[in-house]
Amino acid sequence: MVSKKKTTDIHSIRARKLVCKNTRFEVFLDDIESSDGTVVHDYLAVVPRIRTVNGVAGIAVLPIIDNKIGLLRIFRYPLAAYSWEIPRGFVDPGEIDAVSALRELDEETGLHCNKDDLLSYGLIAPEPGLLVGYTHLYAALNCIRKRPYRTNEIGHEEFRLLEPAELSSMIASSEIREPCTLIACLKYLNPSC
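Quick look at the structure, then. Treat the numbers as computed from the prediction; the structure is a model and nothing was measured. (Residues numbered from 1 in each chain as written. Predicted model: local features only at pLDDT ≥ 70, side-chain atom pairs only at ≥ 80, totals over all residues. Heavy atoms only, no water.)

Some thoughts on the environment of Pro63
In step 1: Relative to the helices and strands, Pro63 is located in strand E4 (residues 56-65).
In step 2: For Pro63 and Cys113, which are 50 residues apart along the polypeptide, the C-alpha to C-alpha distance reads 8.5 Å.
In step 3: Those residues within four positions of Pro63 in sequence are excluded, and the remaining contacts are Lys68, Ile69, Gly70, Pro87, Leu105, Leu111, Ala140, Cys143 and Phe159. (Helix = DSSP H or I, 4+ residues; strand = E, 2+ residues; numbered from the N terminus. Contact = heavy atoms within 4.5 Å.)

Below, the structure written as structure tokens:
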């Protein structure tokens, strides 16, 4: 038998302290209170400064070219390690999600995709206990090379096209660990997900 848990535990902010901010994020320490009176002090909230009306702060797009999947090899400073990831980035002010996806695809890979070939995989909450915002996942089908791969993005080292079997092996061996990439790849490899 499944026990029923209380699902109406609404939290309110009793106090909010801005810790720092940059062009993309504001970081707060919040004192929050649940509906039963429980208080948590200094709850960390990272708030993107630019979000769409539906709360999307970022996009991630899985490029498909000639039935191969494109991934970027990126050095991630906070982890001091390399990561295989799909192109992703922030939405710009006033930009709709699909336009952001096509822009990031071009900026980070040199690939182009017709808007009709851009498939939405929906929204995910990449870190719902910390980050106040969603990422919109896409697959960019039938991509064509618009220009050679080159990027000004810090840490971006390589763009590689992979066969589906190689991608599956990289997922199984945990070479691919970034959640947007994992979810988009798994949805592409198994459309019924």
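Some thoughts on the side chain of Ser83
In step 1: Tracing the chain through its elements places Ser83 in strand E6 (residues 81-85).
In step 2: The buried category is assigned to Ser83, whose relative accessible area is 10%.
In step 3: Those residues in contact with Ser83 that lie beyond four places of it in its chain are Leu72, Arg73, Ile74, Arg76 and Glu178. (Buried < 20%, exposed > 50% of the residue type's maximum accessible area, 1.4 Å probe, protein only.)

A few points about the packing of aromatic side chains
In step 1: The final tally for this structure, using the stated rule, is three aromatic pairs.
In step 2: Centre to centre, the rings of Tyr149 and Phe159 are 6.1 Å apart; their planes meet at 25°, and the pair counts as stacked. Taken together, the residues span a long stretch of sequence, with Tyr149 in the loop between strand E11 (144-145) and strand E12 (156-162) and Phe159 in strand E12 at a distance of ten residues.
In step 3: Tyr149 sits in the partly exposed class, given a relative accessible area of 25%.
In step 4: The residue whose ring lies beneath Arg73 is Tyr82, and the NZ or CZ to ring-centre distance is 3.7 Å. (Phe/Tyr/Trp six-rings, centres within 6.5 Å; stacked < 30°, edge-to-face > 60°. Lys NZ or Arg CZ within 6 Å of the ring centre and 35° of its normal.)

Section: unusual backbone geometry
In step 1: Although it is not a glycine, Ala80 sits at a positive phi angle of roughly 50°.
In step 2: Along the polypeptide, Ala80 turns up in the loop between strand E5 (68-76) and E6.
In step 3: One non-glycine residue, Asn142, lies in positive phi territory at about 55°.
In step 4: Note on Asn142: relative accessible area 55%, which makes it exposed.

Describing the packing of helix H2 (residues 164-172) against helix H3 (residues 179-189)
In step 1: Two numbers describe how H2 lies on H3: the axes approach to 11 Å, and their chain directions differ by 135°. The orientation of H2 relative to H3 falls into the category oblique. The handedness of the crossing between H2 and H3 comes out as left-handed. Residues Pro164, Leu167, Ser168 and Ile171 of H2 form the contact with H3, whose own contacting residues are Leu182, Cys185, Leu186 and Leu189. (Axes fitted to C-alpha atoms, helices over the stretch in contact; angles between N-to-C directions. Parallel < 35°, antiparallel > 145°, perpendicular 65-115°, else oblique. Left-handed = near helix turned anticlockwise from the far one by under 90°.)

Considerations on the sheet that holds strand E3 (residues 39-48)
Two pairing modes exist for strands in a sheet, parallel and antiparallel, and in both the strands are linked by backbone hydrogen bonds.
In step 1: Spatially, three strands are ordered E1-E2-E3 in an open sheet, and the strand pairing comes out antiparallel. Edge positions in the sheet fall to strand E1 (11-21) and E3, since each of these pairs with one other strand and no more. Adjacent strand axes in the sheet meet at a mean angle of 25°, parallel and antiparallel pairs treated alike.
In step 2: By the bridge criterion, eight bridges tie strand E2 (residues 25-34) to E3 in an arrangement that is antiparallel. Opposite Val27, over in E3, you have Val46 as the bridge partner. (Pairing = 2+ DSSP bridges.)

As far as function goes, none of this settles anything; it's purely spatial.
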